[in-house]
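# Coordinate analysis (summary)
Next come the chains, spelled out residue by residue.
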Amino acid sequence: MKKADVRQSLIKQLEDKGANVSHFEDLVNDYMNFWSIKSKLQTDIRKRGIVYEDKSSVGIVMQKNNPSVKELVNVNRQMLSILRELGLSTDEIVCSDDDEL
């Protein structure tokens, strides 16, 4: 899924609802910024894992929780909040014949 496709899909949903006003378009931009952050967090989790090894200040190897996991949950929560603010949900999706879900 490409970032541009996601953005265009959100804008189209707003247009179909007659809600393509500046305030909502700004929220779409915020959503897309979170989308980029989410992708980076997912990349970090794939790279380092949920738990990774690190050395303490005294050189002892220890397991640490990857903070990206917690941040990913927070980012997803904020993205869902933006979708609610935009009034977009799976219950209200308007699809044309060429749209994919």
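Residues numbered from 1 in each chain as written. Predicted model: local features only at pLDDT ≥ 70, side-chain atom pairs only at ≥ 80, totals over all residues. Heavy atoms only, no water.

So, about the packing of aromatic side chains. Aromatic ring pairs: the centre-centre distance and the angle between the two ring planes describe each pair. Throughout the structure, instances matching the rule amount to 0 aromatic pairs. We note R48 situated over the ring of Y52; from NZ or CZ to the ring centre the distance is 4.3 Å. (Phe/Tyr/Trp six-rings, centres within 6.5 Å; stacked < 30°, edge-to-face > 60°. Lys NZ or Arg CZ within 6 Å of the ring centre and 35° of its normal.)

Our next topic: the pairing of strand 2 (residues 61-65). Across the 5 residues that make up strand 2, only a small minority, 0, are buried. Pairing analysis gives 5 bridges linking strand 1 (residues 51-55) to strand 2, with the strands arranged antiparallel. Bridge pairing links D54 to M62 in strand 2. Joining the antiparallel neighbours strand 1 and strand 2 is a turn of 5 residues, in which G59 adopts a positive phi near 90 degrees. (Buried < 20%, exposed > 50% of the residue type's maximum accessible area, 1.4 Å probe, protein only. Helix = DSSP H or I, 4+ residues; strand = E, 2+ residues; numbered from the N terminus. Pairing = 2+ DSSP bridges.)

A few words now on the confidence of the model for the protein chain. Of the residues in the protein chain, 90% have a pLDDT of 70 or more, and the chain-wide mean is 90. Helix 3 (residues 67-86) holds the highest mean pLDDT among the elements of the protein chain, 97, whereas helix 1 (residues 3-17) holds the lowest, 93. (pLDDT = per-residue confidence, 0-100.)

Glancing now at the pattern of salt bridges. Under the criterion given, the structure shown has 3 salt bridges. Between K12 and D16 there is a salt bridge; the shortest N-O distance is 3.1 Å. A residue pair is termed a helical-turn pair when its members lie 3 or 4 positions apart in one helix, as K12 and D16 do in helix 1 at 4 residues. Among the ionic pairs, R48 bridges to D44, the shortest N-O distance being 2.9 Å. With a gap of 4 residues between them, R48 and D44 both fall in helix 2 (residues 22-48), about one helical turn apart. Of the residues examined, D44 reaches a relative accessible area of 18% and is grouped as buried. (Salt bridge = Lys/Arg side-chain N within 4 Å of Asp/Glu carboxyl O.)

In this structure, K2 sits in the segment before helix 1. For K2, a relative accessible area of 58% gives the class exposed. The spatial distance from the C-alpha of K2 to the C-alpha of G87 is 22 Å, given a sequence separation of 85 residues.

Attention now moves to the side chain of N66. Here N66 is to be found in the loop between strand 2 and helix 3. Of the residues examined, N66 reaches a relative accessible area of 3% and is grouped as buried. Side-chain polar atoms of N66 contact the backbone nitrogen of S68, separated by 2.9 Å. Setting aside chain neighbours within four positions, we find N66 in contact with D44, I45, R48, G49, I50, V51 and Y52. (Polar contact = N/O pair within 3.5 Å; in protein donor to acceptor, adjacent residues only side chain to side chain. Contact = heavy atoms within 4.5 Å.)

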